[in-house]
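Single-letter residue listing:
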Amino acid sequence: MHGIQTPAGSDAIAPDTTGLNFFSADPSLADLLQLYLSDKLYAHIAPHLDRLGALAGDHLDHCARLADKHTPVLHHRDRFGRDAQWIEFHPAYRELERVAYGEFGIHAMSHRKGILGWPDTYPSAAKHAFTYLFNQAEFGLGCPINVTDGAAMLLSRFGDDALKAKYLDGLTQTDMARLTQGAQFMTEKEGGSDVGKLTTVATPEGDHWRLTGEKWFCSNADAAVVMLLARPQGAAAGTRGVGLFLMPRRLDDGSPNRYRIVRLKDKLGTRSMASGEIVLEGALAYAVGKLDRGFIQMAEMVNWSRLSNGVKSTALMRRALHDAMTVAHGRVVFGKRIVDQPLARRQLMKIMLPVEQALSLCFMTADALDRAEAGSQDAAALVRILTPVLKFRATRDARKVCGDALEMRGGVGYIEEFAPARLLRDAHLGSIWEGTSNIVALDAITRAVGRHGAHGALGADLHARLNEVVAIPQAWRDRLRTLVDRAIAFAQSVAADPANEADARRATTTLYHVTSAVMLAWEGARIHERRGDARRMLLSRLVVDHKLNQPDAFTLNQRRDAAALEEMLLGDTAVPLSQAAAHLQ
Ligand SMILES: Cc1cc2nc3c(=O)[nH]c(=O)nc-3n(C[C@H](O)[C@H](O)[C@H](O)COP(=O)(O)OP(=O)(O)OC[C@H]3O[C@@H](n4cnc5c(N)ncnc54)[C@H](O)[C@@H]3O)c2cc1C
């Protein structure tokens, strides 16, 4: 299920993905987009995705390597000895920005009509196809793109007309001279997960507020428009007393606002992008929306970012898989290509499966978000549960997938001149920001299931998909139905009793795997209807075998048809339903 042609390497070292078009090498992306987008929209974006795929596989990847090596530098004074703060970025990072914001306008696709010549705004499913391709080359800038997008969303949803008139245009500009990037500063030393403990104070002054305090993790540190949380003087303790504010980097007269970037973080990954520590010294800010609903409003940006994080981790995994497949096809060991060695084939399958699972969940969630925004209550409940489920599992899988793909390249994989080392470093961030794994699993189980009852919408959706497509063999359909009911019941039982909280991660994982097993079968059936290839359905079988049923440690972990499944899934030839159905029992 790939479109890898073997690119040239040196005589002795396996080739890398340089020159690979990440769009045409990824038939699953095109297949899923055609399930979720209208024919007209797909036809419109396909050439743009093709161009981005080619750029990501070459030029952007080259820029990403440079930007990762030449990290941003914070300056506090200009050459005349005047106090002035700015961050110096390598030209490669500026080029990445130009392509993301200026050429493709990914940050503006949800807000501004006319991006890439499309007369409307884009649905999330289309926007995130661009996110996914771009992040396969550069993950660091993925954060600023997303927070600029998220800041525009918060402002358009909750800002008053004057604030919108002042800041929305800049946040959604594709003209680089007029673009004003966004940021989101919540985390303080006292609390990242426990946001209610934040100590930044907002004091009213005329039509605006003054902020005093410290923000501890501020990505895109020099952004022009910052969305942040602060406690208005005298407001209640905890998250209920927290307000949402917009803080501009520059005041109306062009002078700097009263806050200082104290230093930049020396990070494991996303090294191209500047994350700073910031001291607020009476900074001017404007209240956004209702003051006593600051946390609830900010949660919309957090959820928006969690979907984006899921997509970006999927991108890292896909890139890692591309690299592993390229090596496996391009290097000969013990007289055979790596891809022809049985143990390596099994390992490649283990790398591939989480990528395809995550891609399914990304599009399912993005599509539900689009339907929720069009007014569907069921879809809103679906988004409520799918977002943390996706964020939890996909970001965790990315760590392992990127590490395993790195190993496929052998010792060279560990060397920073090749992409896998960077992918692995970046992959470890996904499960930390916008909520660590524990926090996100608790959100899925305690809140989405326990408080909001969102599991009902998920169960109904998955059953409806199983009823909808006829191509899924009956026995497999029944098996999946049973698994859906069991996963929902397990999540409910964990949510029902605080004593079960320690099982929240397992319950989230089970929901993820069962959801992906149904989605892979449903998508596979739909793809089979369109172009006679049922391979995606077979992945559903692998999820059940390897993710939901633990193998016995004392017996061969091999069903008799394992080699046949590998042959079909590691190849690039379509498989008819008649052949696939025999493996879905
Ligand atoms: C590179 C980078 C960039 C970042 N950029 C930004 C940014 O731009 N804006 C921003 O606001 N933040 C940003 N963050 C901060 C990030 O969102 C927080 O670090 C994260 O939310 C965790 O908060 P914390 O660091 O305070 O850890 P803590 O909240 O102290 O967590 C420590 C550990 O305790 C666990 N834990 C906490 N509560 C519970 C619980 N109830 N049950 C079980 N376990 C629990 C956590 O899972 C974690 O393992 C960034 C972080 C990094 C690393």
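Quick caveat, the model's predicted, so the values are computed rather than measured.

Q: I keep staring at helix H14 (residues 474-496) and nothing clicks. Help me out?
A: With 23 residues, H14 extends 33 Å from end C-alpha to end C-alpha; this agrees with the ideal 33 Å at 1.5 Å per step. Looking at the buried residues of H14, the elements they touch are helix H12 (437-451), helix H13 (455-468), helix H15 (504-531) and helix H16 (535-548).

Q: Help me understand the site of the ligand, please; the structure alone is not making it clear to me.
A: Around the ligand, the structure places 19 residues, and the nearest of them are Gln 184, Met 186, Thr 187, Ser 193 and Thr 436. Here Gly 192 contributes a backbone N or O atom positioned 2.9 Å from an oxygen atom of the ligand. With the chains in place, 66% of the 980 Å² that the ligand exposes on its own is no longer accessible. Secondary-structure elements contributing two or more residues to the shell around the ligand are strand S3 (182-185), strand S5 (208-219) and H12. When the residues that make up the shell around the ligand are grouped by side-chain class, the tally is 9 nonpolar, 8 polar and 2 charged.

Q: So what exactly am I meant to see when it comes to the pairing of strand S2 (residues 83-88) here?
A: Working note: regular strand, side chains alternate between the two faces of the sheet. As paired elements, strand S1 (residues 73-77) and S2 share 4 bridges and run antiparallel to each other. Bridging across to S2, Arg 77 finds its partner in Asp 83. Remark: 5 residues form the turn of the hairpin made by S1 and S2, two consecutive strands paired antiparallel; Gly 81 in that turn has positive phi of roughly 85°.

Q: Looking at this structure, I do not really get helix H5 (residues 124-137). What am I missing?
A: Every α-helical turn comprises 3.6 residues, leaving residues that sit three or four positions apart pointing alike. Under the 1.5 Å per step criterion, the end-to-end length of H5 is 20 Å for 14 residues, consistent within 8% with the ideal 20 Å. With 14 of 14 residues buried, H5 lies mostly within the body of the structure.

Q: Which parts of the structure should I look at to understand the state of the cysteines?
A: Note: disulfide means a covalent bond formed between the sulfur atoms of two cysteine side chains. Under the defined criterion, the tally for this structure stands at 0 disulfides. Cys 63 forms no disulfide, and the closest cysteine sulfur to it belongs to Cys 143, at a distance of 19 Å. Unpaired in terms of disulfides, Cys 218 finds its nearest cysteine sulfur in Cys 143, a separation of 11 Å. Overall, the relative accessible area of 0% leaves Cys 218 in the buried class.

Q: Quick question: what am I supposed to make of the pattern of salt bridges here?
A: Charged atoms that come close allow side chains of opposite charge to pair. Overall, the coordinates contain 50 salt bridges when judged by the stated rule. For the salt bridge of Asp 461 with Arg 465, the shortest nitrogen-to-oxygen distance reads 2.7 Å. Taken together, the residues Asp 461 and Arg 465, both in helix H13 and 4 residues apart, mark about one turn of the helix. For the pair formed by Asp 461 and Arg 465, the shared burial category is buried. One network of salt bridges, with partners in common, ties together Asp 26, Arg 318, Glu 356, Glu 523 and Arg 536.

Q: I keep staring at the packing of aromatic side chains and nothing clicks. Help me out?
A: Here a ring pair, both rings aromatic, is described through the centre-centre distance and the interplanar angle of the planes. All told, the structure shown has 10 aromatic pairs when counted by the stated rule. Judged by centre distance (6.5 Å) and plane angle (70°), the rings of Tyr 122 and Phe 130 are edge-to-face. Taken individually, Tyr 122 and Phe 130 each receive the classification buried, so the pair is uniform in this respect. Measuring from ring centre to ring centre gives 6.3 Å for Phe 139 and Trp 433, while their planes differ by 25°; the resulting arrangement is stacked. Of this pair, Phe 139 sits in the loop between H5 and helix H6 (142-158) while Trp 433 sits in the loop between helix H11 (419-430) and H12, and the two are 294 residues apart along the sequence. Comparing Phe 139 with Trp 433 shows no difference in burial state: the two are buried. One aromatic cluster in this structure is built from Phe 104, Trp 118, Tyr 122 and Phe 130. Here the guanidinium or amino end of Lys 265 rests over the ring plane of Phe 217, the centre of that ring lying 4.3 Å away. For the cation-ring pair, Arg 465 lies above Trp 522, with the distance from its terminal atom to the ring centre recorded as 4.5 Å.

Q: I would appreciate a short explanation of the nonpolar core in the present structure.
A: For soluble globular proteins, nonpolar side chains are generally found buried alongside one another. Formed by 197 residues in total, the largest nonpolar core has its most connected members in Leu 211, Met 227 and Met 247. A per-element tally of this core places helix H9 (residues 342-373) first, with 17 residues. Once residues within four sequence positions are removed from consideration, Leu 211 is found in contact with Val 201, Ala 202, Leu 228, Ala 230, Phe 245, Met 247, Leu 280, Glu 281, Gly 282, Ala 283 and Ala 285.

Q: Please clarify how the packing of H5 against H9 should be interpreted in this entry.
A: The packing of two helices is summarised by the inter-axis angle and the distance between the axes. Relative orientation of the contacting elements H5 and H9 amounts to 140°, with a least axis distance of 8 Å. Where H5 approaches H9, its residues Ser 124, Ala 125 and Tyr 132 are matched on the opposing element by Leu 359, Phe 363, Ala 366, Leu 369 and Asp 370. Residues that form the contact of H5 with H9 fall into these classes: 6 nonpolar, 1 polar and 1 charged.

Reading the values: the criteria
Residues numbered from 1 in each chain as written. Predicted model: local features only at pLDDT ≥ 70, side-chain atom pairs only at ≥ 80, totals over all residues. Heavy atoms only, no water. Helix = DSSP H or I, 4+ residues; strand = E, 2+ residues; numbered from the N terminus. Expected span 1.5 Å × (residues − 1). Contact = heavy atoms within 4.5 Å. Near = heavy atom within 4 Å. Polar contact = N/O pair within 3.5 Å; in protein donor to acceptor, adjacent residues only side chain to side chain. Areas by Shrake-Rupley, 256 points an atom, 1.4 Å probe, with all protein chains shown as cover. Nonpolar A, V, L, I, M, F, W, Y, C, P; charged D, E, K, R; others polar. Pairing = 2+ DSSP bridges. Buried < 20%, exposed > 50% of the residue type's maximum accessible area, 1.4 Å probe, protein only. Disulfide = S-S within 2.5 Å. Salt bridge = Lys/Arg side-chain N within 4 Å of Asp/Glu carboxyl O. Phe/Tyr/Trp six-rings, centres within 6.5 Å; stacked < 30°, edge-to-face > 60°. Lys NZ or Arg CZ within 6 Å of the ring centre and 35° of its normal. Core = buried A, V, L, I, M, F, W, Y, C linked by side-chain atoms within 4.5 Å. Axes fitted to C-alpha atoms, helices over the stretch in contact; angles between N-to-C directions.

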